[in-house]
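Listed below, chain by chain, are the residues.
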Amino acid sequence: MSILVDEKTKVVVQGITGNEGIFHSQQMVEYGTKVVAGVTPGKGGQKIDGIPVFNTVSEAVKNTHANASAIFVPPAFAADAILEAADAGISIIVCLTEGIPTLDMVMVREYLKGKESGLIGPNTPGIISPGKSKIGVMAGYIHKPGTVGIISRSGTLTYEVVDQLTKKGIGQSTCVGIGGDQIIGLNFVDLLAMFEKDPGTEAVIMIGEIGGTAEEEAARFIEKRMSKPVLAFIAGLTAPPGRRMGHAGAIISGGKGTAKEKMEALGKAGVRVVRNPALVGEEMEALFKRKGS
Amino acid sequence: MKIHEYQAKEILKSYGVPVPKGGVAENPEEARKIAEGIGEKAIVVKAQIHAGGRGKGGGVRLVNHPKEAEKAAKEIIGMALITRQTGPAGRVVRKVLIEEGMKIQEELYLGVVIDRSKACPVIMASREGGVEIEKVAAESPEKIVKEWVDPSIGLRAFQANKIGYGLGLEPAQVGKMRNIILGLYKAFYEKDCLLAEINPLVLTKGGEFIALDAKMNFDDNGLFRHKEIAAFRDLNEEAPLEVEASKYNLNYIKLDGNVGCMVNGAGLAMATMDIIKVVGAEPANFLDVGGGATVEMVKNGFKILMSDPGVKVVFINIFGGILRCDTLAKGVTEAVREVKVNVPIVVRLEGTNVEEGRRILKESGLNFTVVIGMKDGAEKVVEALKAKG
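Residues numbered from 1 in each chain as written. Chains lettered and ligands numbered in written order. Predicted model: local features only at pLDDT ≥ 70, side-chain atom pairs only at ≥ 80, totals over all residues. Heavy atoms only, no water.

Let's talk about the overall build of chain A
Across its full length, chain A carries nine helices and 14 strands. Against the 2.2 N^0.38 benchmark of 19 Å for 293 residues, chain A shows a C-alpha radius of gyration of 18 Å, consistent with a compact globule. Principal axes of the C-alpha set define a box for chain A whose edges measure 55 × 45 × 30 Å. Long-range pairs, those at least 24 residues apart, make up 73% of the contacts in chain A with a sequence separation of at least 6. Approximately 10700 Å² of chain A is accessible, and the part contributed by carbon and sulfur atoms is 52%. Averaged over its 31 positive side-chain charges, chain A has a centre that lies 4 Å from the centre of its 30 negative ones. (Helix = DSSP H or I, 4+ residues; strand = E, 2+ residues; numbered from the N terminus. Rg over C-alpha atoms; globule rule 2.2 N^0.38 Å. Contact = heavy atoms within 4.5 Å. Areas by Shrake-Rupley, 256 points an atom, 1.4 Å probe, with all protein chains shown as cover. Lys, Arg positive; Asp, Glu negative; His and termini not counted. Charge placed at Lys NZ, Arg CZ, Asp CG, Glu CD.)

Written out as structure tokens, the structure is:
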């Protein structure tokens, strides 16, 4: 099993006629994702590698029954693309775009309240349910189907962890990049709840980083609601305060949002906190051995 | 992006927030002229740098005559001002703000930031002004009044009233305060700020509120729609290597260690710094060449890395996904050939076409230590450091 996406998920790619849109649509199709439509205003009627292009998301949904969206739209127009997907009733919106203004995302989050759509990202590598489907830009081949769920604020650090797991023969149910921005859609807590319910997931790895309080909120949730074991790595123990570490959301401000605070909160909640990023695979292996599976 | 106090005050003034009479000067003569416009009374001369704690560092002077303002400006302009935020080298002062001194009855705090977990802006106010709000939040959080903004309707007047009465102000003061709160929020919202802060907001003995100091931080992602704000960027306030890196769209942050790091992706870059610390060494920098780094970015990143004389060993940690390792290996070898390198280089490559990538590095004839895995890499870095003594 898996969460959010599987072999049945039908994907519409917003911004399909751009370089990124074309390239990653091809990559997704190659991995087995059902890419059923593309959207670029003004280019409706065209086909990209046999994928029909529509002018609007609602036209695409009407004609292809797409239920998920991948957004490859430049930052200035990306917030609008998310709103359009939600308006068209898309259930899972994955926004890959990096660089969307924070206040645009504040407005998007407000619009999404009470809507059925779940937003992943922005500034994310996307979601993959190994062996089934991927909506995103990650290299599919490093993954392996299995029972570990991954939730991460980072891209390549997730690849690193996935690679460590796969090399030890430990597969993944679903890997979700929740995004590196200050304001994102679904957060650790939402996804932990999904993994807790998913019969195909036995354990979860959280990859957090400095900035904000999402990891602390996750710690409170884990303590009260999670029966499955959770392993965590928090990046940025050596990050200086007040500096934005690449991701818009990775900043210690006013002395808050440090890796240390997050590690302590998670540790207290019973999460196995791994301090050495090279040892996440080993720790997961040890955890499974202790569980006796 | 940060701006200077005088720039923040210009913006706030245009939103109806009262600021002291005065102006910015780049030399003592200008300072005197501005002071003459204020007159022979209390005048404040304030160093303009992007760092707090200027008063304690000697960057703020209170004088009583335009000639004294000229003298103070002469002393301050050109000085390397050291504060708790500048580091031991300090920051060279290039401009001073000359302002009319205030007869202060009370110092308050007023600020707007984004509340990340609630995904909306929050207004914070306190009668404990003039100190860091974080300190107040930690020691006496009950002294901070907060009001969250509903993004669909924006900040409303009643909320500004709630803040004023919540602070225990007199009705006449609440009215004045309300306009300042609404103006500050409007500036925050319209200019894509991440922080807009008036600290202290002073209540004068004459019963007026005035923004004595102001700070605004802008969302880099929003700058494309605010050319006038982008023009406020002051490269003198940024580390030269960081300015250079930004020209190539590289994220570089200088630190104090001796292990130069080059990594693709921000999370992996932070994790690489962390593992260096775990094995007992210190990272010299954060450098993210991008999740989808190109050969050109790797080359430029390498040049910037090598411009830091503190770097004794380089650790390259690349996880190639869509980007192929052979392409990257070519970039790294080209860069090493172009840039004179006299320190050991430990390279860890993983991902697509990794075998081919490692072969290119080994056959380049260059002195790379090619490692498998981050753990091995970090250990080799320590060995190289020890070998160098």
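Notes on the interface of chain B and chain A
Interface size is often expressed as the accessible area that is lost when the parts come together. Taken together, the contact pairs 50 residues of chain B with 58 residues of chain A. Summed over both sides, the interface of chain B with chain A buries roughly 4100 Å², with 62% coming from carbon and sulfur. Counting every contact that joins chain B to chain A gives five salt bridges. Here R348 of chain B makes a salt bridge to E160 of chain A, at a shortest N to O gap of 2.6 Å. Elements with a minimum of two residues in the side of chain B that touches chain A: β7 (104–115), β8 (120–126), α6 (171–190), β10 (193–204), β13 (251–254), α9 (266–278), β17 (345–351) and α13 (374–388) of chain B. With ten residues, α9 of chain B is the largest single contributor of residues to the side of chain B that touches chain A. (Buried area = accessible area lost by both parts, 1.4 Å probe. Salt bridge = Lys/Arg side-chain N within 4 Å of Asp/Glu carboxyl O.)

A word on the sheet that holds strand β5 (residues 68–71) of chain A
All names here are of chain A. One open sheet holds the seven strands; their spatial order is β3-β4-β2-β1-β5-β6-β7, and the pairing between them is mixed. Either end of the sheet is taken by a strand with one partner, and the two such strands are β3 (47–48) and β7 (118–120). Two elements, strand β1 (residues 10–14) and strand β2 (residues 34–39), share five bridges in a ladder whose sense is parallel. Each bridged residue has a counterpart across the sheet, and for Q14 the counterpart in β2 is V39. Along the sheet, helix α3 (residues 75–87) makes contact with β1, β5, β6 (92–95) and β7, crossing β6 at roughly 170°. (Pairing = 2+ DSSP bridges. Axes fitted to C-alpha atoms, helices over the stretch in contact; angles between N-to-C directions.)

A word on helix α1 (residues 19–31) of chain A
Residues and elements named next belong to chain A. The end-to-end C-alpha distance of α1, which contains 13 residues, comes to 19 Å, matching closely the 18 Å that a straight helix rising 1.5 Å per residue would cover. When we look at burial in α1, the residues that qualify are G21, H24, S25 and M28. Down the axis of α1, the smallest arc covering the buried residues is 115°, so these residues share one side. Exposed and oriented more than 90 degrees from the buried face of α1 are N19 and E30. If you follow the buried residues of α1, they end up packed against β1, β2, β4 (51–54), β5 and β9 (133–136). G32 occupies a position one or two residues after α1 and carries a positive phi of about 115°. (Expected span 1.5 Å × (residues − 1). Buried < 20%, exposed > 50% of the residue type's maximum accessible area, 1.4 Å probe, protein only. Arc of directions from axis to C-beta.)

Section: the side chain of R116 of chain B
The residue R116 of chain B is located in the loop between β7 and β8 in this model. Here R116 of chain B sits buried without a salt bridge, and the closest side chain of opposite charge, E209 of chain A, lies 6.7 Å off (N-O distance).

Let's talk about the packing of helix α5 (residues 156–167) of chain A against helix α9 (residues 280–291) of chain A
Residue and element names in this part refer to chain A. Contact geometry of α5 with α9 gives a least axis separation of 8 Å together with a crossing angle of 45°. Comparing the axis directions of α5 and α9 gives the class oblique. Remark: the crossing between α5 and α9 carries right-handed chirality. The residues of α9 that touch α5, namely those facing V161, Q164 and L165, are V280, G281 and M284. Classifying every residue of the contact of α5 with α9 gives four nonpolar, two polar and no charged. (Parallel < 35°, antiparallel > 145°, perpendicular 65-115°, else oblique. Left-handed = near helix turned anticlockwise from the far one by under 90°. Nonpolar A, V, L, I, M, F, W, Y, C, P; charged D, E, K, R; others polar.)

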